[in-house]
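Coordinate analysis (summary)
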Amino acid sequence: MAAVLSFKMNLASATVLLALATANPVYLAPEQDIFLPSSDSASEPLKWLGANSPWFAGPDYNGESNDVPDGCTVEQVAYVVRHGSRYPDTGAYAEWTALQTKIQAANFTATGSMAFLKDWKPVLTNPSLQIAQESSTGYKEAYDLGYKLRTRYPKLYSYGSPFVSWANLYPRVVQTAQNFVRGFLGPSASTLGQVITVNSTGSPQALFDSLSPSDMCPNFKDGNGGTAATNWSSIYLPPITARLNALITGNLTLATTDVSIFPYLCGFESQITGALSPWCSVFTDEELRQYEYAQDLRYYYGIGDGVDLPSKMMLPFLNSLMGVIADGPGQNGTAKNGSAFVIPNILTTFVNDGQLTELVAATGVMSDQSPLDGTKIPGTWKYIASHFVSMRGTVAFERMSCKVPVTNGTTTANTRRYVTGEKWQGKGLNATHSGKPPGQYTNGTAIRTGSRSTPTSKPVSSSGSSKFSSTILSSGSGSDTGSKFQNRPGSSSESGSSGSNNGDGNSNSKLPEFGHSHSGSPISSSLLSPIPISFSTITVTAPVSISTVTSIPTSVLAQPTSTSTSSKSISTSSPTGQTTTKTYIRILLNDAVYPVPTCQDGPGKSCLLSDYVKYVGSKLTAAGDLRTRCNVSAVVLTANGGGNGTTVVNGTVGASGRGASFYKNLGESWLGSVVP
């Protein structure tokens, strides 16, 4: 009896020690960069604004924690990031001032949530310096991201090594990249850091080899949501307009076009001033949900999955990026001066909202979304713009090396995945409300949460000064399409340097190209090894210690307090007790896991990297000759080395371009460089 009791005590002690040794890190960086308060009329107004929302951590829509899966190590990661929060562009600001003029010219009295209207004025204090630039909140968002990634993947960067980041050549995008590098490197940013600027129209060879390929595609057209968005605006705006006009007596009558920009003002005024705007108290939760759906339609049928050519624009880039990730960590590239540089294991790229939306379409994570309806909000839907194309929105690709069990001679990745509804130590794996998955809308009610709960007894996984001239306000390339749709469906898109007089690209001026490059010693790619643990039988010797525990029964670990009969990705084969190491890729949007619907059998709903590379390649092939589809067949592209996956025919770069040769060759003629 005493021996049994001693055994149980030793085993319990070992379990506690093991749990302490294998717990996921507790990070100091907060999940949320800024506070997103409730207003007088809405619970979370700043999370319902589509592309006009400040950044917030995406809800766990797909029922999968963003913790590194059991038995996996992140050995390389690529983040593609929209610029941070910003000041309005010229066109949007003109609408603000036009609204102010209309208000000041009227004789009226407003009550209730509109009582502030008579004294309202735009919040910009120096428009000539502020228009189109990154705001203070945007600076914070970018800096915080640098700190967050540095601490989230501590083994992927060796301090003292040069660090390179890439940015589409557009002022607020480059500003975001600079502030990110400052947060990542701290006081060494100006000596160790470098931001490579990519001019999408800087050379004929930049065709489908830039961060804004649509700028050289004459047939590209942003549909601004098409007829679906127009129909929806005609449905949801009139009732809101009538309600607000009922709060006004006198000769001021709001039009639907006025009301359509009020949610935009809620988001922009809040992040510009750092205090919640009174416009955020104008709308109810239901009305903001309707506005958000308008933003979803705008992107889905504007440049996203719901339209053909625009949704293909970033496929060459993604194909090339997957080539870099498939090559693995610690690869060398060529600097501008011809020397070698180490491609960072934390690969960061900064773009506008248009390119981020096109990239989401290219990844395939939304491929199971049914076409959005322009006449009513679906009961549930996945394509929610604020979950990925918010200010500082992110698309992340984690390359993971995972130890997976071998079952009956074959490998199965998911032998321990989550059971629907299970809870660990009183905390649900998936934060829910009224029993519904977060991030889904059911029967017209929005369910949102940014929090995630995670099993507490999981094995550890380690994952590893030039300044802009104030006269450079709208240079370079790219598209920032979200900032115009706050007006109404069918408004002009803010396309890049193709000559549009709205938004990103209404000037041909360029940022200075400093030609500054770094080279240095290779980045260390050493990684902590995960601790393989089997939860099936017990093999323990006394006295119990961590080194002697090779297998622990689930009965002594934290147990689910409730389960359902529906489980996810549970292997039905018999384990052999052996493991093998395989490489997977996992995709996250605003820090939430988004599996590829046809490839999610790996740990944490990841996809075998080799399979995903093939998947992206097949999508690119199916897209056809993009040069011809863009009507740029007259452009002669001189092959300057193949790059990843490039087809060179008769001395010219193939139909899909090189995608992203700039990751490996900093000497391309359309690249520049600025110091953080």
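Cut-offs and rules
- Residues numbered from 1 in each chain as written.
- Predicted model: local features only at pLDDT ≥ 70, side-chain atom pairs only at ≥ 80, totals over all residues.
- Heavy atoms only, no water.
- Helix = DSSP H or I, 4+ residues; strand = E, 2+ residues; numbered from the N terminus.
- Buried < 20%, exposed > 50% of the residue type's maximum accessible area, 1.4 Å probe, protein only.
- Areas by Shrake-Rupley, 256 points an atom, 1.4 Å probe, with all protein chains shown as cover.
- Phe/Tyr/Trp six-rings, centres within 6.5 Å; stacked < 30°, edge-to-face > 60°.
- Lys NZ or Arg CZ within 6 Å of the ring centre and 35° of its normal.
- Polar contact = N/O pair within 3.5 Å; in protein donor to acceptor, adjacent residues only side chain to side chain.
- Contact = heavy atoms within 4.5 Å.
- Pairing = 2+ DSSP bridges.
- Salt bridge = Lys/Arg side-chain N within 4 Å of Asp/Glu carboxyl O.
- Disulfide = S-S within 2.5 Å.
- Axes fitted to C-alpha atoms, helices over the stretch in contact; angles between N-to-C directions.
- Parallel < 35°, antiparallel > 145°, perpendicular 65-115°, else oblique.
- Left-handed = near helix turned anticlockwise from the far one by under 90°.
- Nonpolar A, V, L, I, M, F, W, Y, C, P; charged D, E, K, R; others polar.
- Core = buried A, V, L, I, M, F, W, Y, C linked by side-chain atoms within 4.5 Å.
- pLDDT = per-residue confidence, 0-100.

Regarding the overall build of the chain
Looking only at helices and strands, the chain has 15 helices and 20 strands in total. Burial status across the chain gives 58% buried among its 676 residues. With the model as given, the accessible surface of the chain reaches about 24,500 Å², and the carbon-plus-sulfur share is 53%.

Details of the packing of aromatic side chains
Under the defined criterion, the tally for this structure stands at 24 aromatic pairs. If you follow Lys-118 out to its NZ or CZ, it ends over the ring of Phe-108, 4.4 Å from the centre. Across the ring face of Trp-55, the terminal group of Arg-392 is positioned such that the distance to the ring centre comes to 4.2 Å.

Here we look at the side chain of Asp-209
Inspection of the secondary structure assignment puts Asp-209 in the loop between strand 4 (193–198) and helix 7 (226–245). Look at Asp-209 and you get buried, because its relative accessible area is 0%. A polar contact is formed between the side chain of Asp-209 and the side chain of Arg-658, at a distance of 3.3 Å. Asp-209 has contacts with Arg-658, Gly-659, Ala-660, Ser-661, Phe-662 and Trp-670, leaving out every residue within four places of it along the chain.

Section: the pairing of strand 3 (residues 163–168)
Within strand 3, 6 of the 6 residues are buried, leaving the element largely enclosed by the surrounding structure. Taking every second residue as pointing to the same face, both faces of strand 3 are buried, with Phe-163, Ser-165 and Ala-167 on one and Val-164, Trp-166 and Asn-168 on the other. Where strand 3 lies against strand 4, 6 bridges are found, and the strand directions are parallel. The residue bridging Ser-165 from the neighbouring strand is Val-195, located in strand 4.

Section: the pattern of salt bridges
Summed over the entire model, instances satisfying the criterion amount to 19 salt bridges. Across the pair Glu-287 and Arg-243 runs a salt bridge, and its minimum N-O distance is 2.8 Å. Of the two residues, Glu-287 is situated in helix 10 (residues 285–300) and Arg-243 in helix 7; the sequence distance between them amounts to 44 residues. When its relative accessible area of 10% is taken as the criterion, Glu-287 is described as buried. Note on Arg-243: relative accessible area 31%, which makes it partly exposed.

Points about the environment of Ala-115
Inspection of the secondary structure assignment puts Ala-115 in the loop between strand 2 (108–110) and helix 3 (127–130). What makes Ala-115 partly exposed here is its relative accessible area of 46%. Distance in space between the C-alpha atoms of Ala-115 and Leu-247 is 8.4 Å, their sequence separation being 132 residues.

Focus: the state of the cysteines
Under the criterion given, the structure shown has 4 disulfides. The partner cysteine of Cys-72 in its disulfide is Cys-402, sulfur to sulfur 2.1 Å. Looking along the S-S bond of the Cys-72-Cys-402 disulfide, the torsion reads about 110°, which is the right-handed sense. Pair noted here: Cys-72 is in strand 1 (residues 72–82) and Cys-402 is in strand 9 (residues 394–407), with a separation of 330 residues, a long-range link. According to the relative accessible area criterion, Cys-72 is buried, its value standing at 0%. Counting only the cysteines that take part in disulfides, in the order they occur along the chain, gives the pairing 1-5, 2-8, 3-4, 6-7.

A word on the pairing of strand 9
Most of strand 9 sits inside the fold, with 13 of its 14 residues counted as buried. Sheet analysis places strand 1 next to strand 9, joined by 9 bridges and oriented antiparallel. Note on strand 9: the bridge partner recorded for Thr-73 is Ser-401.

Remarks on helix 12 (residues 353–363)
Most of helix 12 is tucked away: 11 of the 11 residues are buried. One or two residues past the end of helix 12 sits Gly-364, with phi positive at roughly 90°.

A look at the packing of helix 11 (residues 315–327) against helix 14 (residues 609–623)
Taken N-terminus to C-terminus, the directions of helix 11 and helix 14 make an angle of 155°; their axes are 9 Å apart at the nearest point. Taken together, the axes of helix 11 and helix 14 lie roughly antiparallel to each other. Crossing hand, helix 11 versus helix 14: left-handed. Residue-level inspection shows Leu-315, Pro-316, Leu-318, Asn-319, Met-322, Ile-325 and Ala-326 of helix 11 in contact with helix 14, the latter providing Leu-609, Tyr-612, Val-613, Val-616, Gly-617, Lys-619, Leu-620 and Ala-623. By residue class, the composition of the contact of helix 11 with helix 14 is 12 nonpolar, 2 polar and 1 charged.

Section: the nonpolar core
Formed by 123 residues in total, the largest nonpolar core has its most connected members in Trp-166, Phe-262, Trp-279, Phe-317, Phe-397 and Tyr-612. The contact partners of Trp-166, leaving out residues within four places of it in the chain, are Ile-196, Val-198, Leu-211, Phe-341, Pro-344, Leu-347, Thr-348, Thr-349, Phe-350, Phe-662, Tyr-663 and Leu-666. Counting 34 residues, the second-largest nonpolar core is a separate cluster that includes Val-68, Leu-145, Phe-180 and Ile-346.

Thoughts on the confidence of the model for the chain
Any segment with low pLDDT has predicted coordinates that should not be analysed in fine detail. Taken as a whole, the chain shows an average pLDDT of 77; of its residues, 68% reach a score of 70 or greater. With pLDDT under 50 throughout, residues 1–22 is counted as low confidence; its partners more than four residues away or in other chains account for 24 contacts.

Things to note about the packing of helix 12 against helix 14
The N-to-C vectors of helix 12 and helix 14 enclose an angle of 110°; their axes lie 10 Å apart at closest approach. If you check the angle between helix 12 and helix 14, you find them roughly perpendicular. Counting all contacts with helix 12, which are made through Ala-361, Ala-362 and Thr-363, the residues of helix 14 involved are Tyr-612, Tyr-615 and Lys-619.

With respect to unusual backbone geometry
Glycine aside, residues mostly have negative phi angles, and peptide bonds mostly take the trans form. One non-glycine residue, Ala-132, adopts positive backbone phi at about 70°. Within the element layout of this structure, Ala-132 appears in the loop between helix 3 and helix 4 (136–152). Under the relative-accessibility criterion, Ala-132 is labelled buried at 4%. Even without a glycine there, the phi angle at Asn-224 is positive, about 50°. Considering the arrangement of structural elements, one finds Asn-224 in the loop between strand 4 and helix 7.

Focus: the side chain of Asn-352
For Asn-352, the position within the fold is in the loop between strand 8 (346–351) and helix 12. The class for Asn-352 is buried, based on a relative accessible area of 0%.

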